[in-house]
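# Close look at the chain arrangement
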Amino acid sequence: MTRADHRRVLLWRLAILAALLVAWEWLTGIKAISRTPGLYWIDPFFISRPSAILARFAYLASGQVRLTIWQMALSTVQSTLWGFLVGVSTGFAAGLVLGRHERLARVFEPYIVAFNSLPRIALVPLITMIFGFGVLAKIVLAWTIVFFIVFFNTFQGARSVDADLIHSARFLGASDRQVMRTVIVPSALAWTFASLTPSISFALIGVVVGEFLGGESGGGLGYLIIQSLGTLNAADMMVALISLGVIGIVMALAIKQLEMRLLRWRPEYRGRA
Amino acid sequence: MSERRPRIVIRDLAKTFREGGREVAAVQDVSVTIREQEFVAIVGPSGCGKSTILNMIGGLVAPSAGTVEIDGVRVAGRVPGNVGYVFQKDTVFPWRTVARNIAIGLEYRGVARTEQARRVRDAIALAGLEGFEEAFPATLSGGMRQRVALMRTLVVEPEILLMDEPFGALDTHTKLDLHAELLALWEARHQTVVFVTHDLSEAITLADRIVVMTRRPGRVKLVHDVALPRPRDVIKLRETDDYAHEYGRIWHVLGEEFAGRA
Ligand SMILES: Nc1ncnc2c1ncn2[C@@H]1O[C@H](COP(=O)(O)OP(=O)(O)O)[C@@H](O)[C@H]1O
Ligand SMILES: [Mg+2]
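The shown structure was predicted, so the numbers you read here are calculated from the model rather than taken from an experiment.

Broken down by element type, chain B carries seven helices and 10 strands. In terms of overall dimensions, chain B is globule-like: its C-alpha atoms have a radius of gyration of 19 Å, near the 18 Å expected for 262 residues. Evaluated residue by residue, chain B yields a buried proportion of 54% over its 262 residues. If you take every contact in chain B between residues at least 6 apart in sequence, the share linking residues at least 24 apart comes to 70%.

What follows is the structure in structure tokens.
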């Protein structure tokens, strides 16, 4: 893609965003029956309007509130990153171990499949009961989701390492640990990375669901959403949703960057990092 | 030649694979003795068990019958030390640069960094890979990747080299280049080499002795001493009458195998 192409795409994206915002603001301002108050073609009560959202954002960002939007966003981001990190490292380790030990994998298989097929949302009350209404419950919930995504990918990756690569490492004098470090881990990493982008999204989902139930002590944007539902405040809800969207995009981009650095040996990343 | 001590002794070697209830005899009754500093080629039609023999020498496949001894020690289920193996398949680590691929064996052995760097630099110069030190294998040609695989094996200075059709996937020109390079490297160190190939001219160019295999199940059909002087020039060699003579003799025997019934 050339530079000019890039610019044109960016321009179009901005134009669409501007058009959407203008349409949103305009359509939610037209009354259905001109003299009857409160009756709109598209009612801002449900979806709010950009100007109202901006105003609420400014208010929530100011020092006038007990819990600012920054604090809530920070809480959500921190819990997501923790859930993600713990989930990725445990899932990766478990995937490597079971991927290289056929017998062990067969022993654990039914448990893993059974636990993974539980809808994670169903675990929320139990996790809350065990870990309380705080940050910990959110992290645990994110972890239960991320762990399995990363585990299954790494497991496949560790199992499909080319046997001849392992043999050639042995002939070059590698010990078991050296084979693991220099052949199996880098080879499995390509598979693991494929699971990281979905993992961060699911970590965010886990955290927000945790926050729905977590109350004010857990804080976070999920708390803002539930609170706005209580007060029927669509503008606040939109502030929370847009913030979540931005957080999601930034995290996904960060992972893409990391992937391009660590997997720069792959032909598809050649010359891009 | 016969005064040299035996390094690889293969006795009555056989391998039968079980494949979905069916038994496939891959190798039968193979007995060969390979001596110190000898360059032996194993030639035979595809599927005759050449790789299987090499894998049994390297301890990757357990024999169904018979034994392999290296320096008097029976090879059993593990990779023997002092042996280098160059696989037919590309086994250069794609996530390591050329320099770090060549260094890997030294790294495994805990050789000091500065010494590693020095030996890698020498190896890269020998293989004509200057300028590609920091390149990843995916950006190299097949010939260059096989050079990396060869240097990676040689840099740890194995006394015995097992090579399974290492140049099988290369075009004729690149192949001849690599023959010349391999022979030059071998003249310098005189490793004991077992070189598997289905290419008769390759075998004659490189080897002191050629073991011709039958079709599956692979047995030894003929053991032939190559009476060509060394050092050999891989290009000029092919124009000589001696080469043509060697080729003709083995081709006749091998032809029987390719043609059908022996
Ligand atoms: N692991 C295996 N399982 C079953 N059959 C095998 C296995 N390895 C090789 N064979 C069979 O043994 C025969 C010899 O194979 P191979 O040694 O690879 O031949 P070559 O290297 O001479 O082409 C072939 O028929 C092949 O299908
Ligand atoms: Mg083969």
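On we go from here.
Looking only at helices and strands, chain A features 12 helices and zero strands. In chain A, the succession of α and β elements from N to C terminus is α-α-α-α-α-α-α-α-α-α-α-α. Here chain A has a C-alpha radius of gyration of 24 Å; the compact-globule value for 273 residues is 19 Å, and the former is much larger. Per-residue burial over chain A gives 40% buried out of 273 residues.

We now examine the site of ligand 1. Residues and elements named next belong to chain B. Within the structure, ligand 1 sits among Phe 17, Glu 19, Ala 26, Ser 46, Gly 47, Cys 48, Gly 49, Lys 50, Ser 51, Thr 52 and Arg 216. A distance of 3.1 Å separates an oxygen atom of ligand 1 from a polar backbone atom of Gly 49. A distance of 2.9 Å separates an oxygen atom of ligand 1 from a polar backbone atom of Lys 50. For ligand 1, whose free accessible area comes to 560 Å², the fraction covered by protein is 67%. The element best represented in the shell around ligand 1 is helix 1 (residues 50–57), accounting for three residues. Considered class by class, the residues forming the shell around ligand 1 number three nonpolar, five polar and three charged.

Facing 21 residues of chain A, the contacting portion of chain B comprises 25 residues. Carbon and sulfur atoms make up 70% of the surface buried where chain A meets chain B, a total of about 2,100 Å² over both sides. Summed over the three residues of chain A that lose the most area to chain B, namely Phe 171, Leu 172 and Trp 265 of chain A, the buried surface amounts to 42% of that side. Our count for the chain A to chain B interface comes out at two salt bridges. We note a salt bridge from Lys 89 of chain B to Asp 162 of chain A, for which the minimum N-O separation is 3.2 Å.

As a further point, take the sheet that holds strand 4 (residues 65–70) of chain B. With antiparallel pairing, the four strands of this open sheet are ordered in space as 2-1-4-5 (chain B). Lying at the two open borders of the sheet, with one neighbouring strand each, are strand 2 (22–35) and strand 5 (73–74) of chain B.

Given two aromatic rings, their pairing is described by the distance between the two centres and the angle made by the two planes. Residues and elements named next belong to chain B. For the structure on display, the rule yields 19 aromatic pairs over all chains. Taking 4.2 Å as the distance between ring centres and 15° as the angle between the ring planes, the aromatic pair formed by Tyr 85 and Phe 87 counts as stacked. As far as burial versus exposure is concerned, Tyr 85 and Phe 87 are alike and both buried.

What follows deals with the packing of helix 10 (residues 196–218) of chain A against helix 11 (residues 221–231) of chain A. Residue and element names in this part refer to chain A. At their nearest, the axes of helix 10 and helix 11 sit 7 Å apart, and the two run at 65° to each other. In terms of orientation, helix 10 and helix 11 fall into the roughly perpendicular class. Considering only the axes of helix 10 and helix 11, their crossing is right-handed. Across the interface between the two elements, Val 208, Glu 211, Phe 212, Gly 215 and Glu 216 from helix 10 touch Leu 221, Gly 222, Tyr 223, Ile 225 and Ile 226 from helix 11. For the contact of helix 10 with helix 11, the class distribution of residues is six nonpolar, two polar and two charged.

Turning our attention to the environment of Val 9 of chain B. All names here are of chain B. Here Val 9 lies in strand 1 (residues 6–19). In this structure Val 9 comes out as buried when scored by relative accessible area, which is 15%. Considering only alpha carbons, one finds Val 9 and Arg 35, 26 residues apart in sequence, at a separation of 8.4 Å. When sequence neighbours within four positions are dropped, the list of residues in contact with Val 9 reads Val 32, Thr 33, Thr 67, Val 68 and Glu 69.

With that out of the way, let us pick up the sheet that holds strand 6 (residues 83–86) of chain B. Residues and elements named next belong to chain B. Pairing is mixed in the open sheet, where six strands are placed in the order 6-7-8-3-9-10. Where the open sheet ends on each side, the last strands, each with one partner, are strand 6 and strand 10 (220–225). Sheet twist, expressed as the average angle between the axes of neighbouring strands with direction ignored, equals 15°. Where strand 3 (residues 39–43) lies against strand 8 (residues 192–197), five bridges are found, and the strand directions are parallel. Its bridge partner lying in strand 8, Val 43 is registered against Thr 197.

What follows covers the pairing of strand 3 of chain B. Residue and element names in this part refer to chain B. Across the five residues of strand 3, five count as buried, placing the element largely inside the fold. Here strand 3 pairs with strand 9 (residues 209–213) via four bridges, running parallel. Along strand 9, the bridge assignment pairs Ala 41 with Ile 210.

On the surface, Arg 177 and Arg 181 of chain A together with Arg 100 and Arg 113 of chain B cluster together into a positively charged patch. With respect to the element layout, Arg 177 of chain A can be found in helix 9 (residues 176–194). Arg 177 of chain A gets classed as exposed once you look at its relative accessible area, which sits at 73%.

All names here are of chain B. Across 10 bridges, the pairing between strand 1 and strand 2 is antiparallel. Among the inter-strand pairings, Ile 10 is bridged to a residue of strand 2, identified as Val 32. Two successive antiparallel strands, strand 1 and strand 2, enclose a turn made up of two residues, where Gly 20 displays a positive phi of approximately 55°. Bridge count between strand 1 and strand 4: five bridges; the pairing is antiparallel. Bridge pairing in strand 4 links Ile 8 to Ile 70.

All names here are of chain B. Looking at chain B, the domain boundaries give domain 1 (6–82 + 159–258) and domain 2 (92–157). Summarising the inter-unit geometry, the C-alpha centres of domain 1 and domain 2 are found 25 Å apart. Listed by partner, the interface residues are 15 residues for domain 1 and 11 residues for domain 2. A buried area of about 980 Å², summed over both sides, lies between domain 1 and domain 2, and 68% of it is on carbon and sulfur atoms. Considering only the side of domain 1, the residues that lose the most area to domain 2 are Leu 178, Glu 181 and Leu 185, jointly responsible for 39% of the buried surface there. Summed over the shared surface of domain 1 and domain 2, the result is two salt bridges.

Quick notes on the rules
The residue numbers shown here count from 1 along each chain, following its written sequence. Written order decides the labels, with chains lettered from A and ligands numbered from 1. Owing to the predicted nature of the model, reporting of local features is limited to residues with pLDDT of at least 70; listing and counting of side-chain atom pairs is limited to 80 or more, with chain, interface and lining totals taken over all residues. To get the side-chain values, take all heavy atoms of the structure and skip hydrogens and water. Helix and strand definitions follow DSSP, with helices as H or I runs of at least four residues and strands as E runs of at least two, each counted in order from the N terminus. A radius of gyration in this sense is built from C-alpha atoms; the matching globule rule multiplies 2.2 Å by the number of residues raised to 0.38. Burial classes: relative accessible area under 20% of the type maximum marks a residue as buried, over 50% as exposed, and values in between as partly exposed (1.4 Å probe, protein chains only). Any pair of residues with heavy atoms lying within 4.5 Å of one another is described as a contacting pair. To be near a molecule or strand, a residue needs just one of its heavy atoms within 4 Å of it. Pairs of N or O atoms are called polar contacts if they sit within 3.5 Å, as long as, within protein, a hydrogen donor faces a hydrogen acceptor (for residues adjacent in sequence, only side-chain-to-side-chain pairs). What sets the accessible areas is the Shrake-Rupley method with a 1.4 Å probe; for residues, cover comes only from the shown protein chains. Any residue that is not Ala, Val, Leu, Ile, Met, Phe, Trp, Tyr, Cys, Pro, Asp, Glu, Lys or Arg is counted as polar, Gly included; the first ten are nonpolar and the last four charged. Two parts placed together each lose some accessible area; with a 1.4 Å probe, that loss summed over both constitutes the buried area. Note on definitions: salt bridges are taken to be side-chain nitrogens of Lys or Arg within 4 Å of carboxyl oxygens of Asp or Glu. Two strands are counted as paired when DSSP detects at least two bridges linking them. Pairing of aromatic side chains here covers Phe, Tyr and the six-membered ring of Trp, requires ring centres within 6.5 Å, and sorts the geometry by plane angle: under 30 degrees stacked, over 60 edge-to-face, intermediate tilted. For helices, the fitted axis covers only the stretch in contact; all axes are lines through C-alpha atoms, and the angles between them, taken along N-to-C directions, range from 0 to 180 degrees. When describing relative orientation, an angle under 35 degrees is termed roughly parallel and one over 145 degrees roughly antiparallel, while 65 to 115 degrees is termed roughly perpendicular and anything else oblique. Helix crossings fall into two classes, left-handed where the near helix is turned counterclockwise from the far one by less than a right angle and right-handed where it is turned clockwise. Within the patch definition used here, like charges are joined within 9 Å and nonpolar side chains (Val, Leu, Ile, Met, Phe, Trp, Tyr) within 5 Å, considering only residues with over 30% relative accessible area and no salt bridge. A residue counts as positive if it is Lys or Arg and as negative if it is Asp or Glu; His and the chain ends are not included. Throughout, a charge is located at the NZ atom of Lys, the CZ atom of Arg, the CG atom of Asp or the CD atom of Glu. What fixes the domain bounds is an automatic or database domain assignment.

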